[in-house]
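# Coordinate analysis (summary)
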Amino acid sequence: MTTAVELKEQGIDLVAENNRNWIESIKEVFEKHFPPVEFAADDFRDYMLAAGVGEPSNPNCWGAVLNNLSRAKSIYAVGLRPHRHKSSHARRVTVWRKK
């Protein structure tokens, strides 16, 4: 039987596989230019769009790339904060820091 965590990981892997080039572009910008500050997914997305990376084919890619960076130990979680976009209804999101 597949657990919820396994299904989540399979979904993240599938999204990442289908957007490999986009994720590689993100990782390159992240490694070379992203500042060593605390950030949440919405900050990360805004930075990458301003850097010209563009939108992925699926919005779930934003989470997949952060998961990928976390697995690679390029970022680590430092806390939680409310999401700043109104449509999120202030749900709590992870705050990350670049290593």
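Residues numbered from 1 in each chain as written. Predicted model: local features only at pLDDT ≥ 70, side-chain atom pairs only at ≥ 80, totals over all residues. Heavy atoms only, no water.

Let us now look at the overall build of the protein chain. Of the regular secondary structure elements, the protein chain holds four helices and three strands. Here the C-alpha radius of gyration of the protein chain, 14 Å, is about what a compact globule of 99 residues would show, namely 13 Å. Structurally, the protein chain occupies a C-alpha span of about 40 × 30 × 25 Å along its principal axes. Put simply, the protein chain has 99 residues, and 32% of those count as buried. Surface accessibility of the protein chain: about 6400 Å² in total, with carbon and sulfur atoms responsible for 53%. Put simply, the protein chain has 15 plus and 12 minus side-chain charges, and the middle of one group is 5 Å from the middle of the other. (Helix = DSSP H or I, 4+ residues; strand = E, 2+ residues; numbered from the N terminus. Rg over C-alpha atoms; globule rule 2.2 N^0.38 Å. Buried < 20%, exposed > 50% of the residue type's maximum accessible area, 1.4 Å probe, protein only. Areas by Shrake-Rupley, 256 points an atom, 1.4 Å probe, with all protein chains shown as cover. Lys, Arg positive; Asp, Glu negative; His and termini not counted. Charge placed at Lys NZ, Arg CZ, Asp CG, Glu CD.)

The strand order across the open sheet built from three strands is 1-3-2, with neighbouring strands paired in antiparallel fashion. Here the strands that pair on one side only, and so sit at the sheet edges, are strand 1 (38–39) and strand 2 (75–82). Pairing of strand 1 with strand 3 (residues 92–98) involves two bridges; the strand directions are antiparallel. Directly across from Phe39, in strand 3, lies its bridge partner Trp96. (Pairing = 2+ DSSP bridges.)

When its volume is computed, the largest pocket comes out at roughly 300 Å³. Those elements that provide at least two residues to the lining of the largest pocket are helix 3 (41–50), helix 4 (61–71) and strand 3. A total of four residues in the lining of the largest pocket trace back to one element, the largest contributor, which is strand 3. Taken together, the residues that form the lining of the largest pocket break down as six nonpolar, four polar and four charged. Computed from the structure, the second largest pocket encloses a volume of approximately 160 Å³. If you trace the second largest pocket, you find it lined by Lys8, Gly11, Ile12, Val15, Asn60, Gly63, Ala64, Leu66, Asn67 and Trp96. Breaking the lining of the second largest pocket down by element, the ones donating at least two residues are helix 1 (4–18) and helix 4. For the lining of the second largest pocket, the class distribution of residues is five nonpolar, four polar and one charged. (1 Å grid on protein atoms, 1.4 Å probe; cavity = no way out; pocket = protein on both sides within 12 Å on 5 of 7 lines; lining within 4 Å. Points joined across faces, edges and corners; volume = space filled by probe spheres on them. Nonpolar A, V, L, I, M, F, W, Y, C, P; charged D, E, K, R; others polar.)

A word on the pairing of strand 3. Pairing geometry for strand 2 and strand 3, over seven bridges, is antiparallel. Bridging from a neighbouring strand, Ala77 pairs with Trp96 of strand 3.

Bringing the environment of Val53 into the picture now. The residue Val53 is located in the loop between helix 3 and helix 4 in this model. Since its relative accessible area comes to 19%, Val53 is described here as buried.

Below, the discussion takes up the packing of helix 2 (residues 20–33) against helix 4. Put simply, helix 2 and helix 4 touch, their axes get as near as 11 Å, and they point 55° apart. When the axes of helix 2 and helix 4 are compared, the pair comes out oblique. The handedness of the crossing between helix 2 and helix 4 is right-handed. Of helix 4, the residues touching helix 2 (which contributes Trp22, Ile23, Ile26, Lys27 and Phe30) are Cys61, Trp62, Val65, Asn68 and Leu69. (Axes fitted to C-alpha atoms, helices over the stretch in contact; angles between N-to-C directions. Parallel < 35°, antiparallel > 145°, perpendicular 65-115°, else oblique. Left-handed = near helix turned anticlockwise from the far one by under 90°. Contact = heavy atoms within 4.5 Å.)

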